[in-house]
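In case you want the letters, here they are:
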Amino acid sequence: MSNHQKDQRAVDNIRVLSAAMVEKANSGHPGGAMGGADYIHILFSEFMKFDPDDTSWPFRDRFFLDPGHMSPMLYSQLYLLGNYKKEDISSFRQWGSVTPGHPEVDVARGVENTSGPLGQGHAMGAGAALAAKFLGAKFGDWMNHKIYAFISDGGIQEEISQGVGRIAGYLGLNNLIMFYDSNDVQLSTYTDEVTNEDTAKKYEAWGWNVVTIDGNDHDQIRAALKQANEETEKPFLIIGKTIMGKGCKDADGNPYEGKSELHGKPIGGTKGSYDKTIEGLGGSLEDPFVIFPDVADLYSEIIDKKRAEVKEAKAKEASWRSSNAESAAKLDMFLAGKLPDLDLASIAHKENAASRDASASVLAYMAENIENVIVASADLANSDKTDGFLKKSKQFAPGQFDANFFHAGVCEFSMAAMANGMALHGGVIPVVGTFFIFSDYQKPAYRLSALMELPVIYLWTHDAFRVGEDGPTHQPIEQEAQVRLLEQLKNHKGKRSFLALRPADSAETTVAWKMALENKETPTALILSRQGIKDIPSTGDRFVDAMGAEKGAYVVKSSEGADVTLVANGSEVSTLIAASELLEKDGISVNIVSVISEGLFRDQSESYQASVLDNSQPVFGLTAGLPVTLAQLVGQKGKVFGLDHFGYSAPAGVLDEKFGFTGEHVYDEVKSYLASL
């Protein structure tokens, strides 16, 4: 059997498996997987560098799938490599299976990213490519590896593709190779019904090298991948013209390919014939999930070749390590996600600073003490104060990757999705900064951060209506309530999927950064103020007091037998302190609780929660957001004063007066609440 015939058998095996998975599940997308089978086989068998015995080898090439609905293609390919068992493939989309309908990151089996929402998968690939370039610039060319992304017509159309295309082209991410599976078919239409753009010219304009090929022709695929691997300056796009449902036949055994209905239906639910398709591809209707014996032999040879390639690569790594012991130790620390010894308590802050300014001081310290942080900002560095980091570091530029600051431009979503890719790659700590209101643009990405359990740090400033004159378009009201919902949502490990921290002053901001840097299990958000905040009074060391925030909530002012407990987070805590001074003049004693994270607080022991917050006693909450933000903290007998309307354009101080966020007004609200009991 010729090499061409062997490859064709492998590709047909992938097509059979893909069709059979969807047919048995009676759910899924067979057509795209069948069309993309040629490319993925040639890529994995001949070009990708990976260790068949250690899928987590840090310097492996990586494959980032964007169209998650094409998971049958990926699972089939990884099955041929021995990463999945037959029963895994045959239980596609079923409860408890390791083959979900859209792939979820599973490095042990070769799945590098969770994908499904179109556009994000290839953005993660670009982020991983940047992380790889960053590490290569620090430790040497010996570790060079490629990032292969796979995108479809839908991903190309998603707006996020513009941000990723622009950034990758501008920076010259020549280690990023993307295949565009251009089959001209979508779920409910054909592409010519929604677009007539010239994709090649678009990417060329962004600075990519682009070739267009027959994506089902093995020789053309090889030639394109060879050219892509030789590219030294630009990211590379291979536009592969493929056929949706390639190999599909109708009941008479005639080709039934390129049809829209093959995109999202089992073949048996279309005008095509599942039986004739399987038979025509050389599969068995009795046992469609088998690996063809000749294909098994072929992949046994392929795996042996991969082992030999990796052995050679690891020998180069060992040689470098023997000559660079100190750098090797540093690299291992990066890859393990370990932090150096830090003295965050030593960071000085200006009195009554905005928490974004306090954050800038922490970032400046980080720039000098944590070498593998990559801080990004969406054209807001001088406003979200990530420039505290930038002033002590270098920014990425075309072909320049020995840097730590990433000017992403105005593309909050692309930036956040790329940060997910950086975290998936490993070796770096990604931080992304923007205004809190624009976290709305990042929601799809930080939801995937939460689902994938990635330690991405989201830095969100301008946290309330006190943005002032910018008006309601820039004033977050409901955003904190939205983010707090993710603190209630459990990930697949049964833990809270997100940590949202809104510090009450400079000391708490430093502690919040400590918590974010040490949190390796979920994404963390830092929600920071634009305006100055009065420091919380302390009878001892304020930083030591603020360490109470590590339990999510703590008492910042305590009174024996208090008449009421006042609860808030962020800048509202200082407003409660002002109100408490007036209340105490009336003989009303108070406790004040700062709740930097309700989710984290609820994870503490019941005894600790009761010592901080006794819901059998009067509890009054103050929030600059929707009252529901604190509703569960104050309990049924409590009251929350917040906003139930959009903001208005006016100076921050005026808005405080108009909306009632002053010590005097809160004093009145608490008095009224107590009188109503």
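What counts, and at which threshold
- Residues numbered from 1 in each chain as written.
- Predicted model: local features only at pLDDT ≥ 70, side-chain atom pairs only at ≥ 80, totals over all residues.
- Heavy atoms only, no water.
- Helix = DSSP H or I, 4+ residues; strand = E, 2+ residues; numbered from the N terminus.
- Rg over C-alpha atoms; globule rule 2.2 N^0.38 Å.
- Buried < 20%, exposed > 50% of the residue type's maximum accessible area, 1.4 Å probe, protein only.
- Contact = heavy atoms within 4.5 Å.
- Lys, Arg positive; Asp, Glu negative; His and termini not counted.
- Charge placed at Lys NZ, Arg CZ, Asp CG, Glu CD.
- Salt bridge = Lys/Arg side-chain N within 4 Å of Asp/Glu carboxyl O.
- Phe/Tyr/Trp six-rings, centres within 6.5 Å; stacked < 30°, edge-to-face > 60°.
- Lys NZ or Arg CZ within 6 Å of the ring centre and 35° of its normal.
- Axes fitted to C-alpha atoms, helices over the stretch in contact; angles between N-to-C directions.
- Left-handed = near helix turned anticlockwise from the far one by under 90°.
- Nonpolar A, V, L, I, M, F, W, Y, C, P; charged D, E, K, R; others polar.
- Pairing = 2+ DSSP bridges.
- Polar contact = N/O pair within 3.5 Å; in protein donor to acceptor, adjacent residues only side chain to side chain.
- Parallel < 35°, antiparallel > 145°, perpendicular 65-115°, else oblique.
- Core = buried A, V, L, I, M, F, W, Y, C linked by side-chain atoms within 4.5 Å.
- Right-handed = clockwise from strand over helix to strand, strands pointing away.

Attention now moves to the overall build of the protein chain. Assigned secondary structure in the protein chain consists of 26 helices and 16 strands. A globule of 677 residues ought to have a C-alpha radius of gyration of about 26 Å, and the protein chain, at 28 Å, matches this closely. In terms of overall dimensions, the protein chain has a C-alpha envelope of 95 × 60 × 45 Å along the principal axes. Per-residue burial over the protein chain gives 60% buried out of 677 residues. When contacts within the protein chain are restricted to residue pairs at least 6 apart in sequence, long-range pairs at least 24 apart make up 76% of them. Of the side chains in the protein chain, 64 bear a positive and 92 a negative charge, and the two mean positions are spaced by 2 Å.

Now for the pattern of salt bridges. For side chains of opposite charge, pairing can occur when their charged atoms come near one another. For the structure shown, the criterion picks out 39 salt bridges. Arg-542 serves as the salt-bridge partner of Glu-508, at 3.8 Å between the closest nitrogen and oxygen. Taken together, the residues span a long stretch of sequence, with Glu-508 in helix 19 (residues 506–518) and Arg-542 in helix 20 (residues 542–546) at a distance of 34 residues. For the pair formed by Glu-508 and Arg-542, the shared burial category is buried.

To continue, consider unusual backbone geometry. Of note, the phi angle at Arg-93 is positive, near 70 degrees, even though the residue is not glycine. Even without being a glycine, Glu-453 presents a positive backbone phi close to 60 degrees. Relative to the helices and strands, Glu-453 resides in the loop between helix 17 (439–452) and strand 9 (457–461).

Further remarks concern the packing of aromatic side chains. What describes a pair of aromatic rings is the distance from one ring centre to the other and the angle between the planes of the rings. Overall, the coordinates contain 30 aromatic pairs when judged by the stated rule. A centroid spacing of 6.2 Å and a plane angle of 55 degrees characterise the contact between Phe-44 and Phe-50, whose relative ring orientation is tilted. Residue Phe-50 is classed as buried on the basis of its relative accessible area, which comes to 12%. Connected via pairs of aromatic rings, a cluster forms that spans Tyr-39, Phe-44, Phe-50, Phe-63, Phe-150 and Phe-179. Here Lys-551 stacks its cationic end above the ring of Tyr-608, 4.5 Å away from the centre of that ring.

On to the packing of helix 21 (residues 572–585) against helix 26 (residues 663–676), then. Packing of helix 21 against helix 26 leaves a shortest axis separation of 8 Å and a crossing angle of 65 degrees. Like other packed secondary-structure pairs, helix 21 and helix 26 cross with a definite hand, here right-handed. Where helix 21 abuts helix 26, its residues Thr-575, Leu-576, Ala-578, Ala-579, Leu-582 and Leu-583 lie against Gly-663, Glu-664, Val-666, Tyr-667, Val-670 and Lys-671. Grouping the constituent residues of the contact of helix 21 with helix 26 by class yields 8 nonpolar, 2 polar and 2 charged.

It is worth spelling out the sheet that holds strand 8 (residues 429–435) at this point. Strand order in this open sheet of 6 strands is 7-6-8-9-11-10, and the pairing throughout is parallel. A single partner strand is all that each edge strand has here, and the edge strands are strand 7 (405–407) and strand 10 (499–501). In this sheet, adjacent strand axes meet at a mean angle of 20 degrees when their direction is disregarded. When strand 6 (residues 373–377) meets strand 7, the two strands line up parallel, connected through 3 bridges. Bridging across to strand 7, Ser-377 finds its partner in His-407.

The next point concerns the side chain of His-41. Position of His-41 among the secondary structure elements: in helix 2 (residues 30–47). There is a polar contact of 2.7 Å between the side chain of His-41 and the side chain of Tyr-299. In contact with His-41, other than residues within four places in its own chain, are Asp-7, Ala-10, Val-11, Ile-14, Glu-46, Gln-77, Leu-298 and Tyr-299.

Two elements in contact, helix 1 (residues 3–25) and helix 2, have axes whose closest approach is 9 Å; the angle formed by their N-to-C orientations is 140 degrees. Taken together, the axes of helix 1 and helix 2 are oblique relative to one another. Pair helix 1 / helix 2 crosses with right-handed handedness. Side by side, helix 1 and helix 2 meet where Asp-7, Ala-10, Val-11, Ile-14, Arg-15, Ser-18, Ala-19 and Val-22 of the first sit next to Pro-30, Ala-33, Met-34, Gly-35, Ala-37, Asp-38, Ile-40, His-41, Ile-42 and Glu-46 of the second. Here the residues of the contact of helix 1 with helix 2 sort into 11 nonpolar, 3 polar and 4 charged.

On to the sheet that holds strand 15 (residues 619–622). If you walk across this open sheet you meet the 5 strands as 12-14-13-15-16, and the pairing is mixed. Each edge of the open sheet is held by one strand with a lone partner, namely strand 12 (553–557) and strand 16 (639–641). Put simply, the sheet's adjacent strands are angled 25 degrees from each other on average, direction ignored. Here strand 15 pairs with strand 16 via 3 bridges, running parallel.

The next subject is the nonpolar core. Met-366, Trp-513, Leu-566 and Phe-620 are the most contacted members of the largest nonpolar core, which has 78 residues in total. Per element, the largest residue contribution to this core is 7 residues, and it comes from helix 19. Leu-237, Ile-374, Met-415 and Phe-436 belong to the second-largest nonpolar core, a separate cluster that totals 77 residues.

Okay, the environment of Glu-598 next. Relative to the helices and strands, Glu-598 resides in helix 22 (residues 598–602). In this structure Glu-598 comes out as buried when scored by relative accessible area, which is 12%. The sequence separation of Glu-598 and Gln-632 amounts to 34 residues, and the corresponding C-alpha distance is 8.9 Å. Look past the residues within four positions of Glu-598 in its chain and what remains in contact with it is Arg-484, Glu-487, Thr-629, Gln-632 and Leu-633.

With that settled, the discussion passes to the side chain of Thr-524. By the element assignment, Thr-524 lies in strand 11 (residues 524–527). A polar contact is formed between the side chain of Thr-524 and the side chain of Asn-519, at a distance of 2.9 Å.

With respect to burial, strand 5 (residues 236–241) is a largely interior element, 5 of its 6 residues being buried. Where strand 3 (residues 176–182) and strand 5 come together, 6 bridges link them in parallel fashion. The partner of Met-178 across the bridge, within strand 5, is Leu-237. For strand 4 (residues 209–214) and strand 5, the ladder comprises 6 bridges, and the chain directions are parallel. Paired with Val-210 across the bridge in strand 5 is Leu-237. One crossover worth recording links strand 4 to the parallel strand 5 by way of helix 9 (residues 218–230), and it is right-handed.

Most of helix 3 (residues 71–80) is tucked away: 10 of the 10 residues are buried. On its buried side, helix 3 packs onto helix 1, helix 2, strand 1 (62–65), helix 4 (86–90), strand 2 (147–152) and helix 12 (293–323). Taken from the residues just after helix 3, Gly-82 is the one with a positive phi, measuring 90 degrees.

A few words now on the environment of Asp-51. Here Asp-51 is to be found in the loop between helix 2 and strand 1. Beyond its immediate chain neighbours, meaning those up to four positions away, Asp-51 contacts Trp-57, Val-310 and Lys-314. Only 2.8 Å separates the side chain of Asp-51 from the side chain of Lys-314, close enough to count as a polar contact.

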